[in-house]
Amino acid sequence: MTSSLSYSSLVVYFVILMMVLRSGSLYANGCYKSIISFGDSLADTGSQEELSHITDQLYQCLLSPYGETFFHKPTGRCSNGRLIIDFLAESLGLPMIQPFLHNKKTIDDRAVTFRQGVNYAVAGATALNSSFIEAEWPERSVINASLEVQLTWFKESLPSICGNTSDCKSFIKSSLILMGEIGGNDYSFPLFAGKSIDEFKQYVPLVTDTIISTVNELIEMGAQTLVVPGNFPIGCSSSYLTVRASDYEEYDPTTGCLVSLNEFAEYHNNMLQKKLNMIRELHPDVNLIYADYYNAAMQFYRSPNAFGFTNGALKACCGAGGPFNYNVTVRCGGESTTMCDQPDTYVNWDGVHLTEMAYKLIFESIFQGSYTTPQFNSLCLTSASQVGARLSSLM
Ligand SMILES: *[C@@H]1O[C@H](CO)[C@@H](O)[C@H](O)[C@H]1NC(C)=O
Ligand SMILES: *[C@@H]1O[C@H](CO)[C@@H](O)[C@H](O)[C@H]1NC(C)=O
Ligand SMILES: *[C@@H]1O[C@H](CO)[C@@H](O)[C@H](O)[C@H]1NC(C)=O
Ligand SMILES: *[C@@H]1O[C@H](CO)[C@@H](O)[C@H](O)[C@H]1NC(C)=O
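Residues numbered from 1 in each chain as written. Chains lettered and ligands numbered in written order. Predicted model: local features only at pLDDT ≥ 70, side-chain atom pairs only at ≥ 80, totals over all residues. Heavy atoms only, no water.

Caption draft 1: The arrangement of the pattern of salt bridges in detail. With the rule as written, the count across this model stands at 7 salt bridges. Note that Arg82 is salt-bridged to Glu356, the shortest N-O span being 3.0 Å. With Arg82 in the loop between α2 (47–54) and α3 (84–91) and Glu356 in helix α14 (residues 356–368), this residue pair connects regions lying 274 residues apart in the sequence. An identical accessibility class is assigned to Arg82 and Glu356; each is buried. Among the ionic pairs, Lys360 bridges to Glu364, the shortest N-O distance being 3.1 Å. Of this pair, Lys360 and Glu364 are both found in helix α14, 4 residues apart, which corresponds to roughly one turn of the helix. On the basis of relative accessibility, which here comes to 28%, the residue Glu364 falls in the partly exposed class. Through salt bridges that share partners, Arg82, Glu90 and Glu356 make up one connected network. (Salt bridge = Lys/Arg side-chain N within 4 Å of Asp/Glu carboxyl O. Helix = DSSP H or I, 4+ residues; strand = E, 2+ residues; numbered from the N terminus. Buried < 20%, exposed > 50% of the residue type's maximum accessible area, 1.4 Å probe, protein only.)

Here it is as structure tokens:
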């Protein structure tokens, strides 16, 4: 009797232990000392500021009223305030993540700052390399800051940031790697060129393969936690609603978004997730987290009022008029464009990018909510960091 009781309590103990261990592999455990970020304007925290000193191109996100709500001046962020990555850094107790591209200071000057986070994301960047994009779309220019170039910058800057090989390995291992969003710009070329969905579906395997091979390379270098966001519901983008509406006439009656473009974004996201699953099988010890930007944002398009977006989700806050306050020739920051009075009541900032409030709510849905696969461990975010420390010491 006694022995069977102790046997069953042993079984219970073992089951609990297995659950704890299992959750350890399912959930991102431990906290992060740094954020290493790759991507485009959704994550760029100021590289345009630096680029503006070395090229004579006009960078839209450096114009007023960009940055107006939070920074009270343009910072190169393509919004009226902070981005998802800014909220993430704050919640992890890290300083705002500095752009890697810098005009005046050398890498060595900034190496100490970069230990807590370094951002290789550049507005306008594509997943596919610029020679490929330029060959496909010779009439349009693209910035030479593709994922491959960003990864090269990362490798080249490592010796300054973390010294020797073992030190660098632990730097990468203890960092949260934010891989995107990237790929949205790749599709903007065929989209603005008026191609059919079927014509640009052919780029999805290439784009997702490029993201996946970068993820693989980072894992080889010791990455332990990677967050890979999918694409936004681009059929709800004011720019595409303005430019391509006559081609893709079918609107979703509950959101007003273009059905076929949203299906295309889901097509990209599904392929990306399938490929992420394959890496997870090869590297079960790595926390490879898919961030569902698509459905996190769809919440707003479905019921904007529930989130305080009383001016709706489709019309841009900053623009030069038109049905969605987006005009492809006169964009936010340009002459005769105006900014709305209450940006927090809009999802869309400038027709392409979202408002600070939308990014804040997406951050919460992703990193504190349920819009990730597997679930992101929100125990690491400041309010509960002690619980997080306890959990990781238990493992
Ligand atoms: C650019 O990408 C294409 C397609 O993935 C590839 O064939 C080509 O070798 C790449 N070029 C460079 C310079 O990396
Ligand atoms: C893009 O930049 C990379 C790295 O700086 C360089 O090696 C490459 O030649 C550049 N490509 C083009 C097409 O300018
Ligand atoms: C690498 O650098 C760290 C700290 O900078 C040092 O403690 C460690 O001994 C170094 N390891 C090797 C193999 O040089
Ligand atoms: C965009 O702005 C231009 C120049 O002001 C104007 O001619 C055009 O009609 C506008 N387009 C839309 C869709 O409002």
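Next, the rest of the story.
Caption draft 2: The nonpolar core, seen in detail. Counting residues in hydrophobic clusters, the biggest one holds 105 residues, and the most contacted among them are Phe38, Ile211, Tyr301 and Ile362. The residues touching Ile362, leaving out its near neighbours within four places in the chain, are Ile84, Phe232, Tyr293, Ala296, Ala297, Phe300 and Leu354. (Core = buried A, V, L, I, M, F, W, Y, C linked by side-chain atoms within 4.5 Å. Contact = heavy atoms within 4.5 Å.)

Caption draft 3: A look at the sheet that holds strand β6 (residues 287–291). Strand order across the open sheet formed by 7 strands is β2-β3-β1-β4-β5-β6-β9, with mixed pairing between neighbours. Strand pairing shows two members of the sheet lacking a second neighbour, β2 (98–99) and β9 (372–373), which therefore form its edges. Sheet topology places strand β1 (residues 34–38) next to strand β4 (residues 175–179); 5 bridges connect them, and they run parallel. Looking at β4, one finds that Ile36 is bridged to Ile177. Sitting on the sheet, helix α6 (residues 147–162) is in contact with β1, β3 (117–119) and β4, with an inclination near 150 degrees to β1. (Pairing = 2+ DSSP bridges. Axes fitted to C-alpha atoms, helices over the stretch in contact; angles between N-to-C directions.)

Honestly, it's all geometry; don't read function into it.
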